[in-house]
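A structural walkthrough
Spelled out from the first residue to the last, the chains are:
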Amino acid sequence: MRTIRANGIDLAVDDSGPSGRVVVLVHGFPLTHEIWRDQIAALAPHYRIIAPDLRGFGRSGVTPGRVTIDQFADDLAAALDALGIAEPVVLAGLSMGGYIAMRFFEVHRARLAGLVLCDTRAAADTPQAAAARLESAARVEREGPAMLAEAMLPKMLSAATFAGRPDLVDRLRRMILGGDARGLAAAARGLAARPDFTPLLPRIDLPVLAIVGREDAISTPAEMGALVRAIGGARLVEIDAAGHMAPLEKPAEVAAAIAEFLDAC
Ligand code: MLT
């Protein structure tokens, strides 16, 4: 990991692999770049892989209050500048990382060669979901990240992974418990305020790969199927026996899907 200064914050970034095609891997909420560990190992022999901890997560700096999806996207653009990367990159985002990738397309289109949207969705929070998020932001600030782990872990993994892979459950739990409560709360408030990206989808004129765990209960295959149809020309890869954390649950399958996409774009 190295630390770079970007957009007024210190960002911890895993920067691996040779020069050449750059692939940026963006994690989801309430996690860190570590969710991409196996894909970094598989892809870094061939591509330069940039995997940041977003503002407020992992080893990166924290800005309390609210951090919007726009700010996260601008942080990524500033991180590319700080790393001296001017050529178009392939940007892959899981869930919240996917929201950031869609916003990045909206404002930094020229910096992109392709998008990988993994276990994500275009729709904004419903008013009920946004209210629940604001409540959980306040709770995480009061009680710490353990309440998020309890609430989210069972929904993040397929039933089989949750029951049969205590190592993965533990890895995810440690990632969540290691989070900074103020950073997590700030991101939750930003998630509650994010816009609906559905109108943007038909304007996405880049190669797009979508990946979804067949048992993803948060961003379901049906919802991702609709997202892919709205983009037009995007490919959807469904991963068997995986939930919302497809890159952790089926690392080789997800790495292979991304590698095949990179070879073609
Ligand atoms: C994520 O994995 O990033 C979250 O499920 C996103 C969300 O809560 O909307």
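Quick look at the structure, then. (Residues numbered from 1 in each chain as written. Predicted model: local features only at pLDDT ≥ 70, side-chain atom pairs only at ≥ 80, totals over all residues. Heavy atoms only, no water.)

**Brief notes about unusual backbone geometry**
Across the junction of Phe29 and Pro30, the peptide omega takes the value 0 degrees, indicating a cis bond. With respect to the element layout, Pro30 can be found in the loop between strand E3 (22-26) and helix H1 (37-43). (Helix = DSSP H or I, 4+ residues; strand = E, 2+ residues; numbered from the N terminus.)

**As for the pattern of salt bridges**
Pairs can form between side chains of opposite charge once their charged atoms are near each other. In total, this model carries 22 salt bridges according to the counting rule given. A salt bridge links Glu106 to Arg103; the shortest N-O distance between them is 3.0 Å. Taken together, the positions of Glu106 and Arg103, both in helix H3 (residues 96-108) and 3 residues apart, correspond to about one turn of that helix. The residue Arg109 makes a salt bridge to Asp205 at a minimum N-O spacing of 2.8 Å. Taken together, the positions of Arg109 in the loop between H3 and strand E6 (112-118) and Asp205 in the loop between helix H8 (181-192) and strand E7 (208-213) put the pair 96 residues apart, joining distant regions of the chain. (Salt bridge = Lys/Arg side-chain N within 4 Å of Asp/Glu carboxyl O.)

**Section: the packing of aromatic side chains**
Under the defined criterion, the tally for this structure stands at 2 aromatic pairs. Ring centres of Phe29 and Phe57 lie 6.2 Å apart, and the angle between their planes is 85 degrees; this geometry places the pair in the edge-to-face category. Of this pair, Phe29 sits in the loop between E3 and H1 while Phe57 sits in the loop between strand E4 (48-52) and helix H2 (69-82); the two residues are 28 residues apart in sequence, bridging distant segments of the chain. Using a relative accessible area of 11% as the deciding quantity, one classes Phe29 as buried. Pairing Phe57 with Phe72 gives two aromatic rings, centres 6.3 Å apart and planes at 50 degrees, and the pair type is tilted. Here Phe57 is found in the loop between E4 and H2, whereas its partner Phe72 is found in helix H2, with 15 residues between them in sequence. Phe57 sits in the buried class, given a relative accessible area of 1%. These aromatic residues form a ring-pair network of at least three members: Phe29, Phe57 and Phe72. (Phe/Tyr/Trp six-rings, centres within 6.5 Å; stacked < 30°, edge-to-face > 60°. Buried < 20%, exposed > 50% of the residue type's maximum accessible area, 1.4 Å probe, protein only.)

**Considerations on the sheet that holds strand E8 (residues 235-239)**
Spatially, 8 strands are ordered E1-E2-E4-E3-E5-E6-E7-E8 in an open sheet, and the strand pairing comes out mixed. A strand with exactly one partner marks an edge of an open sheet, and here the two such strands are strand E1 (2-6) and E8. In this sheet, adjacent strand axes meet at a mean angle of 25 degrees when their direction is disregarded. Sheet analysis places strand E5 (residues 89-94) next to E6, joined by 6 bridges and oriented parallel. Bridge pairing links Ala92 to Val116 in E6. Helix-sheet contacts for H2 involve E1, strand E2 (9-16), E3, E4 and E5, and the interaxial angle to E1 is about 115 degrees. The strands touched by H3 within the sheet are E3, E5 and E6, with E6 carrying the most contacts at an inclination of about 155 degrees. (Pairing = 2+ DSSP bridges. Axes fitted to C-alpha atoms, helices over the stretch in contact; angles between N-to-C directions. Contact = heavy atoms within 4.5 Å.)

**A few points about the pairing of E7**
The buried fraction of E7 is high, at 6 of 6 residues. Here E7 shows a buried face lined by Val208, Ala210 and Val212 and a second buried face lined by Leu209, Ile211 and Gly213. Two strands pair when backbone bridges link them, and E6 and E7 are joined in this way by 4 bridges, in the parallel orientation. Bridged to Leu115 within E7 is Val208. Pairing between E7 and E8: 5 bridges, direction parallel. Note that in E8 the partner of Ala210 across the bridge is Leu236. You can see the chain leave E7, run along helix H9 (residues 221-231) and come back into E8, and the turn it takes is right-handed. (Right-handed = clockwise from strand over helix to strand, strands pointing away.)

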